[in-house]
Amino acid sequence: MSLSSQESENLKIFLWNPPPNPSEDEKDLKGKKSAAVPPPAQKAKAKKELFGDDSDDEIMDDEFDVESGGEEMEDGRPSLKDDFLAGDSDSDVYDSGEEQAGHIFSEDEDESDAEEKLTAANIEGLSRKLDAQLAHEAAEAQAEMEESAMQTNIAGEPKPHILGDPDDEDDQAALAAPDVTLLRTRITDTVRVLEDFSNLAEEGRSRADYTEQILKDICAYYGYSEFLAEKLFHLFSPSEAFSFFEANEKERPHVIRTNTLKTGRRELAQALINRGVTLEPVGKWSKVGLQIFESQVPLGATPEYLAGHYILQAASSFLPVMALAPQENERILDMAAAPGGKTTYISALMKNTGCVFANDANRARTKGLIGNIHRLGVKNTIVCNYDAKEFPKVIGGFDRVLLDAPCSGTGVISKDPSVKTNKNAKDFMLLPHLQKQLLLCAIDSVDHASSTGGYLVYSTCSVTVEENESVVEYALRKRPNVKLVETGLTFGREGFTSYRGKTFNEKMKWTRRFYPHMYNVDGFFVAKFKKIGPTKAAATNGVKAGGTPEDEEIGVDNDDVPFGGFDDEADKELMEKAVKKHLRKKGINPKVAVAHGKAGGKVDGKAEEAPTTTEEPKAAKEESTGKKEKALEKKKEKILGKKEKQEERAPKKKEGAPKKSYNKPSSETKPEPAKKANGESKKPENGTATSPSSTSSKKAQPK
Amino acid sequence: MRPLTDVETERLFEKLANYIGRNITHLIDRPTDPHCFRVQKDRVYYVRESIARLATSVAKANLLSLGTCLGKFTKTGKFKLHVTALDHIASHAKYKVWVKPNGEMPFLYGNNVLKAHVGRISEDTPEHQGVVIYSMNDTPLGFGVTARSTHEVRRLDPTSITAFRQSDVGEYLRDEDTLF
């Protein structure tokens, strides 16, 4: 574990030049500790105050006393071993403290039990003598434990006895009503054990046992589904997971964003203070955010709000826009825009220049989006209602694209606690799937050649790896023409480069994760890409995922060749290949299928469609032009055919000719000149006899 | 999305001229930054030309808004100005009424402007003239028509109406469902 520079400095000072008043240093450490794990630390602090006099003389003892104060609470009886071991359990900060102690004791781990006992005795004496209140509390706690009939004979053991007997554990847990304080104590104990497993664990118990226990307790205490609790728990170290779950119970501060199109932050703050709102800037990282502590007026209905001077927006949703860093006069796409907080922020940063496409798939939510856009005086937006997956086809070539993907919302549990129970394994299959599709579409919508941009930001308000790193990794694999770049955000934790056996791109460290317990913002993930080349048709087919150098060359060539210069023969070969692949995907042997005349024709049509449904507009055009050429050829044939027929028919029936010729093309969609001659005489009658619907359906076929 | 017909243009300009008079030319003639009017599903949008061109790539059924919505044509063919047009009207308004802080909330709840709430009023405002309503710190709050001319207003008793409300920013909350 690492020490921050200041801490290590402290440490040095402490080691080499013992300060006149060491208790201060300790206080620092304790203060930090208490931030990490509140309850024991607070008690420890209380204890420490009682020990205040001793601390000057007996630095080392005091250290232990303080510890024991905390320990005693949980154990009911002071025990040295625990005291030492507890050191590891809390945080990095606390570690430094422990290390410090280690130095003082000089290889204290190798010390014999004798010293431990000695200190233990010390503690016992001191704590008994001093803290009646704490003892009382401890007694109460013990009484509670006994009451709950969980056989937690922690008191008698030097190591916390957390796990019940393996056999009857389940029954008892099921029978006993969950005791909140007991659960909490047990969770903290288990966290402590997991943090320092080798020393604190009971013999014969594996880490998995403890993890299982804590997951069960978390489910009971916080109300998570087992599935989600496990998923979230494994994202963090045990103690951090605990603080994450704790943070999810607390409300995040209300934050508003100043609309710089209409006012400045200082003016707005002044206006709101006059209305009886207490606020302060949200942090150094944002120049437009204001954090609201309390307000005497409803913030969503003040004249300033209605006049569009600010918008209620979570601090976390500033982040993707800041990462996107829109520039003036660019064309930007926000793929999932409602309710418009990010869109309007983008426009504000662009000072109403350029153009922002605000898309949202949910029409009901676009009302709020349009409302916010107008209220905030944003004039450069186009609001549309597409499924975002259609995007590069609707319009592409954006300088920047923001994809704030729909997600499970595991980062905003404090806002929407229903997430705790209503997300299951299926959601974590479907959502990432959707996110991957959207991200590919977003990538394809970016203009790599943009002089100012070519960037893409992917964000979710979820903390799970499936929805974040995995999706980014997938995109990097599928689109070798994008690379991760730094987000430009000054804070946030680095994304995982490896997680539970999966390894991700090493640039994944440039993505940013935000956690509620660390920054007091919603859980969030931000990744920024730069597009460095055009997307290849092959990539959009989903055929070549690897992105070989050949692909690269093809892409470059395509880019240079002026439009219209296609090699039909080469195309034909490619198309045949695609057809075969498509067939193989379906489990049909292509050789057999191709031999089938009809099937071949059908498949051909499908194969032509496939690339057009995929993203690259150029590819689509290519295909369509190919189609056009084919269609032209067909038309020529038809026209020629018509002429022949007309010539033939003309003497027979003059009035019918135009009708027949109108119907003919449809019946002659299969260019088989050999058959024409035979069918010629009968076909006109067929054509006139068939109902309009049948002809139309035939017409539809060649498409 | 299409440009306005002549009739539509006339009706729109008639309404706009009510509030901004000849300043309407400032909306139309912007040589450095050309703007245009577009109709999309009976709503009229005032939008930069470059954006209007980009919007052509969006299908009619999927295009929900572009630029600034000025208002809509009713089924009978009249034009109704929406509060969303306030930004553009306010920047070119000829006649203005300022309301005192104690009159802000009543106005934002959809009430008419009473004499007691008027802080200032433009000189020489005629009767039944379109005016933009401001708060005392010059934030536009809505628009309406005067009930009396400036001279008559001076002699009014405090509870009588000075300006009839036509639109106010409170509609963003009250009428979100129908406005957009």
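Computed from a predicted structure; not experimentally measured.

Turning our attention to the overall build of chain A. The helix and strand tally for chain A stands at 34 helices and 15 strands. A separation threshold of at least 6 residues defines the contact pool for chain A, and within that pool the share at least 24 residues apart is 71%. Of the accessible surface of chain A, which amounts to about 34,300 Å², a share of 52% is contributed by carbon and sulfur atoms.

What follows deals with the sheet that holds strand β4 (residues 68–73) of chain B. All names here are of chain B. Taken together, four strands build an open sheet; the order of strands is β1-β2-β4-β5 and the sheet is antiparallel. With partners counted over all chains shown, the strands left at the sheet margins are β1 (35–40) and β5 (79–81), one partner each. The average undirected angle you get between the axes of adjacent strands in this sheet is 30 degrees. Here β1 pairs with strand β2 (residues 43–48) via six bridges, running antiparallel. When the bridges of β2 are listed, arginine 38 appears paired with tyrosine 45. Along the sheet, helix α1 (residues 6–20) makes contact with β1, β2, β4 and β5, crossing β5 at roughly 35 degrees.

For the rest of this paragraph, the subject is the UniProt feature "active site" (unreviewed entry) in chain A. Residue and element names in this part refer to chain A. Mapped onto the present numbering, the UniProt feature "active site" (unreviewed entry) falls at Cys461. When you line up the elements, cysteine 461 lands in the loop between β9 (455–460) and α23 (469–478). Those residues in contact with cysteine 461 that sit more than four places away from it in its chain are Cys407, Gly409, Thr410, Gly411, Val412, Gly523 and Phe524.

Quick look at the interface of chain B and chain A now. Each side of the interface is counted separately: chain B has 32 residues, and chain A has 35 residues. Taking both sides of the interface into account, the surface hidden between chain B and chain A amounts to around 2,700 Å²; carbon and sulfur atoms contribute 61%. If you sort the residues of chain B by the area they bury against chain A, B:Leu54, B:Leu64 and B:Phe180 come out on top, with a joint share of 21%. With a shortest N-O distance of 3.4 Å, B:Asp87 and A:Lys262 are connected by a salt bridge. Scanning the region where chain B abuts chain A turns up 15 residue pairs in polar contact (both at pLDDT 80 or more). Where the side of chain B that touches chain A is concerned, the elements lending two or more residues are α3 (49–55), β3 (63–66), β4, α4 (86–92), α5 (101–108), α7 (171–174) and α8 (176–179) of chain B. When its residues are assigned to classes, the side of chain B that touches chain A shows 17 nonpolar, nine polar and six charged. Pairing analysis gives three bridges linking strand β7 (residues 381–384) of chain A to β3(B), with the strands arranged antiparallel.

Residues and elements named next belong to chain B. Within the open sheet, the six strands sit side by side as β7-β11-β10-β9-β6-β8. Their pairing is mixed. Two strands in the sheet have a free side with no partner beyond their single neighbour: β7 (113–114) and β8 (118–121). Pairing analysis gives three bridges linking strand β6 (residues 96–99) to β8, with the strands arranged antiparallel. Its bridge partner lying in β8, tryptophan 98 is registered against arginine 120. Across the sheet, α1 touches β9 (130–135), β10 (140–146) and β11 (161–168), and the angle it forms with β9 is around 50 degrees. The strands that α5 touches are β6, β7, β9, β10 and β11; relative to β10, the one it contacts most, it runs at about 80 degrees.

What follows is about the pairing of strand β6 (residues 355–359) of chain A. All names here are of chain A. Along β6, five of the five residues are buried, which leaves the element largely enclosed by surrounding structure. The alternating pattern of β6 places Cys355, Phe357 and Asn359 and Val356 and Ala358 on opposite faces, both of which are buried. Chirality of the crossover, the property in question, places the unit of strand β5 (residues 331–334), helix α18 (residues 341–349) and β6 among those that are right-handed. The β-α-β motif built from β6, the intervening helix α19 (residues 363–375) and the parallel element β7 has right-handed crossover chirality.

This brings us to a positive patch on the surface. Residues and elements named next belong to chain A. Together, Lys577, Lys580, Lys581, Arg584 and Lys591 give the surface a local cluster of positive charge. Ranked by the residues each element gives to the positive patch, the list is headed by helix α27 (residues 568–586), at four residues. As for its placement among the helices and strands, lysine 591 is situated in helix α28 (residues 590–595).

Examined against the element boundaries, B:Gly119 turns out to sit in strand β8. For the pair B:Gly119 and B:Trp98, spaced 21 residues apart in the sequence, the C-alpha separation amounts to 5.3 Å.

Residues and elements named next belong to chain A. One pass over the structure, following the stated rule, counts 27 aromatic pairs over all chains. Ring centres of tyrosine 222 and tyrosine 224 lie 6.3 Å apart, and the angle between their planes is 75 degrees; on these two criteria the pair is classed as edge-to-face. The burial state of tyrosine 222 is the same as that of tyrosine 224; both residues are buried. Each ring, one from phenylalanine 491 and one from phenylalanine 514, has its centre 5.2 Å from the other, and the planes form 70 degrees; the classification is edge-to-face.

This next bit is on the environment of A:Phe227. All names here are of chain A. Mapped onto the elements, phenylalanine 227 comes out in helix α13 (residues 226–233). It is 7.4 Å that separates the C-alpha atoms of phenylalanine 227 and alanine 425, two residues lying 198 residues apart in sequence. Once residues lying within four places of it in the same chain are set aside, the contact partners of phenylalanine 227 are Lys423, Asn424, Ala425 and Phe428.

This part covers helix α10 (residues 180–195) of chain A. All names here are of chain A. For α10, which comprises 16 residues, the first-to-last C-alpha distance of 23 Å matches the rise-based estimate of 22 Å (1.5 Å per residue) to within 8%. The buried fraction of α10 amounts to twelve of the 16 residues, a majority that puts the element mostly inside the structure. Those residues of α10 that fall on the buried side of the exposure criterion are Leu182, Leu183, Arg186, Ile187, Thr188, Asp189, Thr190, Val191, Arg192, Val193, Leu194 and Glu195.

In this section: the confidence of the model for chain A. For chain A, per-residue confidence averages 71 on the pLDDT scale, and residues scoring 70 or more make up 56% of the total. In the model, residues 168–174 of chain A has pLDDT below 50 throughout and makes six contacts with residues more than four positions away in sequence or in other chains.

The general pattern is negative phi for most residues beyond glycine and trans for most peptide bonds. Residues and elements named next belong to chain A. Backbone torsion omega between alanine 338 and proline 339 reads 5 degrees, so that peptide bond is classified as cis. For proline 339, the position within the fold is in the loop between β5 and α18. One non-glycine residue with positive phi stands out, namely asparagine 329, at about 65 degrees. As for its placement among the helices and strands, asparagine 329 is situated in the loop between α17 (319–324) and β5. The exposed category is assigned to asparagine 329, whose relative accessible area is 60%. One non-glycine residue, asparagine 520, lies in the positive phi region at around 55 degrees. With respect to the helices and strands, the residue asparagine 520 is situated in the loop between α24 (516–519) and β15 (524–531).

Our next topic: the pattern of salt bridges. A side chain with one charge can pair with a side chain of the opposite charge if their charged atoms come near. Residue and element names in this part refer to chain A. Using the criterion set out here, one finds 24 salt bridges over all chains in the structure. Across the pair arginine 186 and aspartate 217 runs a salt bridge, and its minimum N-O distance is 2.7 Å. Linking arginine 186 in helix α10 with aspartate 217 in helix α12 (residues 207–222), this pair joins segments that are 31 residues apart in sequence. Since its relative accessible area comes to 11%, arginine 186 is described here as buried.

Walk down a regular strand and you will see the side chains alternate between the two sheet faces. Residue and element names in this part refer to chain B. Burial analysis of β10 places seven of its seven residues in the buried class, the great majority of the element. The pairing of β9 with β10 spans five bridges and is antiparallel. Directly across from valine 132, in β10, lies its bridge partner phenylalanine 143. Connecting β9 to the next strand, β10, in antiparallel fashion are four residues, including aspartate 138 with a positive phi near 65 degrees. Bridge count between β10 and β11: five bridges; the pairing is antiparallel. Bridging from a neighbouring strand, phenylalanine 143 pairs with serine 167 of β11.

To continue, consider the state of the cysteines. All chains considered together, the criterion is met by zero disulfides over all chains. No disulfide involves A:Cys407; its sulfur sits 3.1 Å from the nearest other cysteine sulfur, which is in A:Cys461.

Thresholds applied
Residues numbered from 1 in each chain as written. Chains lettered and ligands numbered in written order. Predicted model: local features only at pLDDT ≥ 70, side-chain atom pairs only at ≥ 80, totals over all residues. Heavy atoms only, no water. Helix = DSSP H or I, 4+ residues; strand = E, 2+ residues; numbered from the N terminus. Contact = heavy atoms within 4.5 Å. Areas by Shrake-Rupley, 256 points an atom, 1.4 Å probe, with all protein chains shown as cover. Pairing = 2+ DSSP bridges. Axes fitted to C-alpha atoms, helices over the stretch in contact; angles between N-to-C directions. UniProt positions renumbered as here; feature names shortened; annotations may be inferred. Buried area = accessible area lost by both parts, 1.4 Å probe. Salt bridge = Lys/Arg side-chain N within 4 Å of Asp/Glu carboxyl O. Polar contact = N/O pair within 3.5 Å; in protein donor to acceptor, adjacent residues only side chain to side chain. Nonpolar A, V, L, I, M, F, W, Y, C, P; charged D, E, K, R; others polar. Buried < 20%, exposed > 50% of the residue type's maximum accessible area, 1.4 Å probe, protein only. Right-handed = clockwise from strand over helix to strand, strands pointing away. Patch = residues over 30% accessible without salt bridge, like charges linked within 9 Å, V, L, I, M, F, W, Y side chains within 5 Å. Lys, Arg positive; Asp, Glu negative; His and termini not counted. Charge placed at Lys NZ, Arg CZ, Asp CG, Glu CD. Phe/Tyr/Trp six-rings, centres within 6.5 Å; stacked < 30°, edge-to-face > 60°. Expected span 1.5 Å × (residues − 1). pLDDT = per-residue confidence, 0-100. Disulfide = S-S within 2.5 Å.

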